[in-house]
Amino acid sequence: PHVLLLGAPGAGKGTQSKRLAEAFDIEHVTTGDALRANKDMDIGHMDTEYDTPRAYMEAGELVPDAVVNEIVKTALEEADGYVLDGYPRNLDQAEYLSEITDLDVVVFLDVNESELVDRLTGRRVCDECGANYHVEFSPPATEGVCDDCGGDLIQRDDDTEETVRERLQVYEDNTAPVVEHYREAGILVEVDGEGTPDEVFESISDEVDAAI
Ligand code: AP5
Ligand code: ZN
């Protein structure tokens, strides 16, 4: 299947994409993780305002389209089935995506804003393996230590309250129109993202099953 998972920052795209990729044996294609792994790559030659992805990400701004389009194109060329997470984030990216692939289903994860802020400011990630935790909603067995690999749990640079607010604004301005675009195209299904991770996963899997 070709699945697109849309939702605001903190809606649970990463959490659910990982599960979907495993359950359906497809690739998890995520621009956020790809950019975090290449934060300091030199993009100055692409005529961008800043020289690295890091500068955009720490400000909560979008990394320029040329950079992310290239990441997605390469990843999709190598994938048979996929779940796409974090892209497209504006209408130009959605237009580009339509030129390189066809989607079976677009799932929109709906979560209210105060819940988004709580999830993001409480998130901790393993600095070794990338596993995701939440200080309240899914704490590790030992505070600050990854259950899977024993690595240190850290807060993402962009999960401070101020940057979270900026990311939510960028989402409203740029990405909410993408949701409407797919709704009008008739391939959007909406899932309540406020249940437990298991409940949300079940709803998404049902939608994917129904679409393929
Ligand atoms: P990216 O990494 O894509 O971040 P995001 O969209 O802001 O999303 P998050 O990863 O913060 O949240 P999520 O929806 O994946 O939620 P998660 O599962 O982690 O992008 C980061 C930056 O990169 C952007 O700001 C931008 O600069 C750049 N970028 C990326 N893609 C780009 C693009 N296409 N174009 C331009 N720039 C781009 O869950 C969040 C927390 O909630 C976790 O702690 C989790 O444990 C918890 N949680 C999850 N599900 C539940 C649940 N059901 N109940 C309770 N808690 C839950
Ligand atoms: Zn770990």
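In this report, we go over the structure that sits alongside the text. (Residues numbered from 1 in each chain as written. Chains lettered and ligands numbered in written order. Predicted model: local features only at pLDDT ≥ 70, side-chain atom pairs only at ≥ 80, totals over all residues.)

As for the overall build of the protein chain
Now for step 1: On a plain count of helices and strands, the protein chain comes out with 8 helices and 8 strands.
Now for step 2: In terms of overall dimensions, the protein chain is globule-like: its C-alpha atoms have a radius of gyration of 17 Å, near the 17 Å expected for 212 residues.
Now for step 3: If one aligns the C-alpha atoms of the protein chain with their principal axes, the spans along those axes are about 45 × 45 × 30 Å.
Now for step 4: Evaluated residue by residue, the protein chain yields a buried proportion of 32% over its 212 residues. (Helix = DSSP H or I, 4+ residues; strand = E, 2+ residues; numbered from the N terminus. Rg over C-alpha atoms; globule rule 2.2 N^0.38 Å. Buried ≥ 20, exposed ≤ 12 C-beta atoms within 10 Å, placed from the backbone.)

Some details on the sheet that holds strand E2 (residues 27-30)
Sheet strands pair by backbone hydrogen bonding; their relative direction is either parallel or antiparallel.
Now for step 1: Pairing in this open sheet of 5 strands is parallel, and the strands run E2-E3-E1-E4-E8 from one edge to the other. Strand pairing shows two members of the sheet lacking a second neighbour, E2 and strand E8 (188-192), which therefore form its edges. Across this sheet, the average inter-strand angle for adjacent strands is 25 degrees, counted without regard to direction.
Now for step 2: In the sheet, strand E4 (residues 105-110) pairs with E8 via 5 bridges, with the strands oriented parallel. Bridge pairing in E8 links Leu109 to Val191.
Now for step 3: Running over the sheet, helix H7 (residues 161-185) touches strand E1 (2-6), E4 and E8 and is turned about 120 degrees from E8.
Now for step 4: Against the sheet, helix H8 (residues 197-211) makes contact with E1, E4 and E8, and its axis sits at roughly 160 degrees relative to E8, the strand it touches most. (Pairing = 2+ DSSP bridges. Axes fitted to C-alpha atoms, helices over the stretch in contact; angles between N-to-C directions. Contact = placed C-beta atoms within 7 Å.)

Some remarks on the site of ligand 1
Now for step 1: Close to ligand 1 lie 35 residues; Pro9, Gly14, Gly32, Gly86 and Arg123 are nearest.
Now for step 2: Secondary-structure elements contributing two or more residues to the shell around ligand 1 are helix H1 (13-24), helix H2 (31-37), helix H3 (53-59), helix H6 (113-121), strand E6 (132-134) and H8.
Now for step 3: Looking at the shell around ligand 1 residue by residue, the classes come out as 14 nonpolar, 14 polar and 7 charged. (Near = placed C-beta within 6 Å. Nonpolar A, V, L, I, M, F, W, Y, C, P; charged D, E, K, R; others polar.)

Comments concerning H1
Now for step 1: Taking 1.5 Å per residue as the helical rise, H1 with its 12 residues ought to reach 16 Å, and the 16 Å between its terminal C-alpha atoms agrees with that figure.
Now for step 2: Among all positions in H1, only Lys13, Gly14, Thr15, Gln16, Ser17, Leu20 and Ala21 are buried.
Now for step 3: Residues of H1 that are buried in the fold lie against E1, E2, strand E3 (82-85), E4, E6 and H8.
Now for step 4: Asp25 lies just past H1 and shows a positive phi near 55 degrees. (Expected span 1.5 Å × (residues − 1).)

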